[in-house]
Amino acid sequence: MLLCCIGSIMFPISTFAVQTHFSGYVGDEFTLVQPSVSILATKIKSVTWSGQYSDGISCYETSTGLKVRITSYFEYSKTITCRVKYEWSNGSGTYTSDATESYTVTCNPVTINVQNENMTMKVGQTQDISYSLSPSKNVTLTFKSSNYSVATVDNYGEVKAVGTGTATITIEQNMGYDAKCYVTVTSPVAATSISLPATANVDVYSSKMLYPTLKPSDANPTLTWKSEKTSIASVDQNGKVTGNKPGTTNVTVTTDNGLSATCAVTVKDVDRTPQQFDIADEFSKKTIYVGDTWRPTYTVTPSYANYTLQWTSSNNSVAKVSTLGEVTALRPGTAKITGSIDGTSLTDSYEVTVKGIPNVLTIWLANGKRSDIKLSEQINMTFEEEKFIVKSATVDVEYDALDVKKLSLESDGSEETGVQKLMTGETTGTMNFDGNAIRLSGFSPNSIVQLFTVNGQAEGGYRMGQDGSLTISVDGLTRGIHIVKIESITYKIIKK
């Protein structure tokens, strides 16, 4: 906590940041944490939540905050304010202060992507609306037609053409914006003849459209396509032919009144010699821990090339690599992993650094406290909903995600031990206290360090060195609890 002094009265200011911006989808829940108050607070007099509680969200208060649930989609962010009134005291007396925070809640929309947005149908035909949801959510959809005398639609998006004209199918949802599909229905005109080119050529792994000629010119029959040998060439119901392997096959199109035409399709082979091999640039350097396995992403051009890929490691005692390119970390060190296409000069490589198994996880919490967890093997750390979860064979620990400010992993390996990893983008600095001196390191150069007694009296101010470190002797401090404030972190030390 940072304490500001005006005259003889000490005013406490809370410096522990709480999450103030929340976004989610219909059905998601959040906990809005009350703004923190001074460590000098002796009594919470009242907690008042106010704001937009209706039209899309439901709320109820808990002992530490406000539980918010998005109940229906809303377009604009909603603002909720919390005011905590509390009493605090120091040697001069007892006072009343407020801690106030504003929170915004935003509802993210689910997008309905319609692939066949414009549909042309004949009277009597049925066709499904092809759509996808982004992201995939449990959305309630309702389909409606603007003209049921032209096109009807069922609860699953199947459209039936019942009369000539146009209609708009609207897809309504409960989690975002609606989508539309435009339908044109025409009268069926029977074909009197149909023809295709006598021959066509297509390469392996390539495609080509076949377009039939119909008479009369306004004929709109339903066409059925078929390939005699699908292993050589396949064809979809739009007439797109895809070459699968060298050879010749007949592709036939048939109208709904029994007319047909045939095209002899020749599939030609292509040069399948690999021209390029690349490991993704983001994997030029990779760090893994002892016992881990990992495989990089790579590309071979062209995609249909025939090749055999060989992998080697420059140091098999540090990291070995399988014939499939999977790396296994064996002991701390570095190794160069190289992939080569057999029979060519195409090659690429990346550097892997192996670190020892982490054995200590230190977690700093928003209240300034820290916890050290001893581990026997590599751990798994995840965020699930509002929880930060740490798991290993010997540990299963769960924290409120908002309480976790940063963490560090100590490694058995000699390289980069104690590297800081931040959860909220805050400082990566550390503090050590051995009873004789406060040692700070890893902070911003020239940043301010403040020292207070537990009742809020200032004991000194210091400036961090150019290297981001500072040592403060505690010889002149009285016995008891003292508060060290640096950047956004508060430490508590006890001089015995």
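Residues numbered from 1 in each chain as written. Predicted model: local features only at pLDDT ≥ 70, side-chain atom pairs only at ≥ 80, totals over all residues. Heavy atoms only, no water.

A. Up close: the packing of aromatic side chains. Taken as a whole, this structure holds 10 aromatic pairs when the rule is applied. Plain terms: the ring middles of Tyr 205 and Tyr 304 are 5.1 Å apart, the flat faces sit at 5° to each other, and that makes the pair stacked. Remark: Tyr 304 occurs in the loop between strand S31 (298-301) and strand S32 (309-313) and Tyr 205 occurs in the loop between strand S20 (199-203) and strand S21 (207-209); sequence separation between them is 99 residues. Taking the centre distance of 5.7 Å and the plane angle of 65° together, the rings of Phe 277 and Tyr 298 count as edge-to-face. (Phe/Tyr/Trp six-rings, centres within 6.5 Å; stacked < 30°, edge-to-face > 60°. Helix = DSSP H or I, 4+ residues; strand = E, 2+ residues; numbered from the N terminus.)

B. Here's a closer look at the sheet that holds strand S33 (residues 319-321). Spatial strand order, S30-S34-S33: 3 strands in an open sheet with antiparallel pairing. Bordering the open sheet on either side are strand S30 (293-294) and S33, each of which pairs with just one other strand. In terms of strand pairing, S33 meets strand S34 (residues 327-329) through 3 bridges, oriented antiparallel. Bridging across to S34, Ala 319 finds its partner in Ala 329. (Pairing = 2+ DSSP bridges.)

C. Spotlight on unusual backbone geometry. Pro 216 follows Lys 215 through a cis peptide bond whose omega is -5°. Tracing the backbone shows Pro 216 in the loop between strand S22 (213-215) and strand S23 (223-227). Here the amide bond leading from Thr 301 into Pro 302 is cis, since omega sits at -5°, within 30 degrees of zero. Mapped onto the elements of the fold, Pro 302 is located in the loop between S31 and S32. Of note in the backbone geometry, Tyr 205 takes a positive phi value of approximately 70° without being a glycine.

D. Structural context of the layout of surface pockets. As a volume, the second largest pocket reaches approximately 340 Å³. Residue lining of the second largest pocket: 16 residues in total, with Pro 221, Thr 222, Leu 223, Gln 237 and Asn 238 positioned closest to the centre. Secondary structure elements with two or more residues in the lining of the second largest pocket: strand S11 (118-122) and S23. Sort the elements by how many residues they give to the lining of the second largest pocket and S11 lands first, with 3 residues. A class-by-class count of the residues in the lining of the second largest pocket yields 9 nonpolar, 6 polar and 1 charged. (1 Å grid on protein atoms, 1.4 Å probe; cavity = no way out; pocket = protein on both sides within 12 Å on 5 of 7 lines; lining within 4 Å. Points joined across faces, edges and corners; volume = space filled by probe spheres on them. Nonpolar A, V, L, I, M, F, W, Y, C, P; charged D, E, K, R; others polar.)

E. Seen up close, the confidence of the model for the protein chain. Looking at the protein chain, the pLDDT average stands at 82 and 80% of residues meet or exceed 70. Here residues 1-16 is modelled with pLDDT under 50, and outside its nearest four sequence neighbours on either side it reaches 50 contacts, counting other chains as well. Note on residues 412-427: pLDDT is under 50 here. Beyond four places in sequence and across chains, it has 40 contacts. (pLDDT = per-residue confidence, 0-100. Contact = heavy atoms within 4.5 Å.)

F. Main features of the environment of Ala 261. Looking at where Ala 261 falls in the secondary structure, it is placed in strand S27 (residues 260-268). Sequence separation between Ala 261 and Trp 225 is 36 residues; the distance between their C-alpha atoms is 9.9 Å. Leaving out residues up to four positions away in the same chain, Ala 261 has contacts with Ile 194, Ser 195, Leu 196, Val 251, Thr 252 and Val 253.

G. Representation of the environment of Ser 322. Its location among the elements puts Ser 322 in the loop between S33 and S34. By relative accessible area, Ser 322 is classed as partly exposed at 29%. Residues Ser 322 and Trp 311, 11 residues apart in the sequence, show an inter-C-alpha distance of 6.9 Å. (Buried < 20%, exposed > 50% of the residue type's maximum accessible area, 1.4 Å probe, protein only.)

H. The nonpolar core, seen in detail. Of all hydrophobic cores here, the largest spans 46 residues; its most connected members are Leu 32, Ile 129, Val 159, Ile 171 and Val 183. Those residues in contact with Leu 32 that lie beyond four places of it in its chain are Phe 22, Trp 49, Thr 64, Gly 65, Leu 66, Val 68, Ile 80 and Tyr 103. By size, the runner-up hydrophobic cluster in this structure holds 22 residues, among which are Val 318, Ile 337, Ile 341 and Val 354. (Core = buried A, V, L, I, M, F, W, Y, C linked by side-chain atoms within 4.5 Å.)

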